Every structure is written in structure tokens, then in C-alpha cells.
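Each chain, written out:
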Amino acid sequence: MSALKATADVFRTLHTLKGTCGFLGRGKLERLSHGGESLLSRVRDGEREFDAPISAALFELVDAVRAMLAAIESTGADGDETYEGLIEELEVLCAAEAL
């Protein structure tokens, strides 16, 4: 599988998650997934190079999404963590200058 296809696949997954969260009223998870989706969109479109900071942020995003989904499954709520720092980091990485 090419890196471009893998990036597009992960983007599509986050896009679907974001849309589903919007439909179900899961605002915190929707905002978090939107940050990852926006960043991956720029990588997929060749506007940002996939580098170590982006990789680290996306791994952190995966952990955060898993934690929120586990909280929803066990309690019915998104959990107490807002992940504001991660969301800000994703936004900064997304807003960085194009290649």
C-alpha cells in the first residue's frame, strides 16, 4: 500500500468519525477528529510533508480517540478530558506553511 493511499484511508476514517459524531451530538470527539482530518487533508493533498511532529501528533490523536470511544462505551459520556492541547497542536501543524 502506498503512503498516499494509507493517508487517504486514515483521512476517510477520521472524516467518517467526525460526521458521525456531529450527527450523534458528540461535540468533543467531533472537534478532536476534525483537527486530525484537517491536518491529514493537507498531507494527502501534498501541502504538508509527513514528518516526525505530524506523526507524533497523529499517534497522540489515535490514543485520544480510543480513550474517548472507550469512555463512551463504558459510561455513555465522552469523558472528562477535552484534549485542548492536542487540538491546538493539530491546528498549529495544519496552519504551518505549505511545502
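Thresholds applied
Each chain has its residues counted from 1, following the order in which its sequence is written. Since the coordinates come from a predicted model, pLDDT governs what is reported: local features require at least 70, and pairs of side-chain atoms require 80 or more to be given and counted, while whole-chain, interface and lining totals use all residues. Only hydrogens and water are set aside when side-chain values are computed; all heavy atoms of the structure are taken into account. Under the DSSP-based scheme used, a helix requires at least four consecutive residues in state H or I and a strand at least two consecutive residues in state E, with every element numbered from the N terminus. The quantity called the radius of gyration is restricted to C-alpha atoms. Its globule counterpart is 2.2 Å times the number of residues to the power 0.38. In what follows, residue pairs with any heavy atoms lying within 4.5 Å of each other are defined as contacts. We get accessible surface area from the Shrake-Rupley algorithm with a probe of 1.4 Å; when it comes to residues, only the shown protein chains can shield them. A residue counts as positive if it is Lys or Arg and as negative if it is Asp or Glu; His and the chain ends are not included. To locate a charge, take NZ of a lysine, CZ of an arginine, CG of an aspartate or CD of a glutamate. Disulfide: a pair of cysteine sulfur atoms within 2.5 Å of each other. Using a 1.4 Å probe on the protein chains alone, a residue whose accessible area is under 20% of its type maximum counts as buried, one over 50% counts as exposed, and one in between counts as partly exposed. By nonpolar core is meant a set of buried Ala, Val, Leu, Ile, Met, Phe, Trp, Tyr and Cys residues that side-chain atoms within 4.5 Å join together.

(A) A look at the overall build of the protein. Helix and strand counts for the protein come out as four helices and zero strands. Starting at the N terminus, the α and β elements of the protein follow one another as α-α-α-α. Scaling as 2.2 N^0.38, a compact globule of 99 residues should have a C-alpha radius of gyration of about 13 Å, and the protein matches this with 13 Å. Viewed in the frame of its principal axes, the protein has a C-alpha envelope of about 40 × 25 × 20 Å. Taking as baseline every contact in the protein between residues at least 6 positions apart, the subset at least 24 positions apart corresponds to 70%. Roughly 5,900 Å² of accessible area belongs to the protein as shown, and the carbon and sulfur atoms make up 58% of that amount. Charged side chains in the protein number 10 positive and 18 negative. The centres of these two groups are separated by 6 Å.

(B) Local environment of the state of the cysteines. As enumerated under the stated definition, the model contains zero disulfides in all. Distance from the sulfur of Cys-21, which forms no disulfide, to the nearest cysteine sulfur (Cys-94) is 18 Å. Classification of Cys-94 by relative accessible area gives buried; the value is 16%.

(C) Spatial organisation of the nonpolar core. Core analysis: the biggest nonpolar cluster contains 22 residues, and Leu-32, Leu-39, Leu-61 and Leu-86 have the highest contact counts within it. When contributions to this core are tallied by element, the ones reaching two or more residues are helix 1 (3-24), helix 2 (27-44), helix 3 (52-75) and helix 4 (84-95). Of all the elements, helix 3 adds the most residues to this core, at seven residues.

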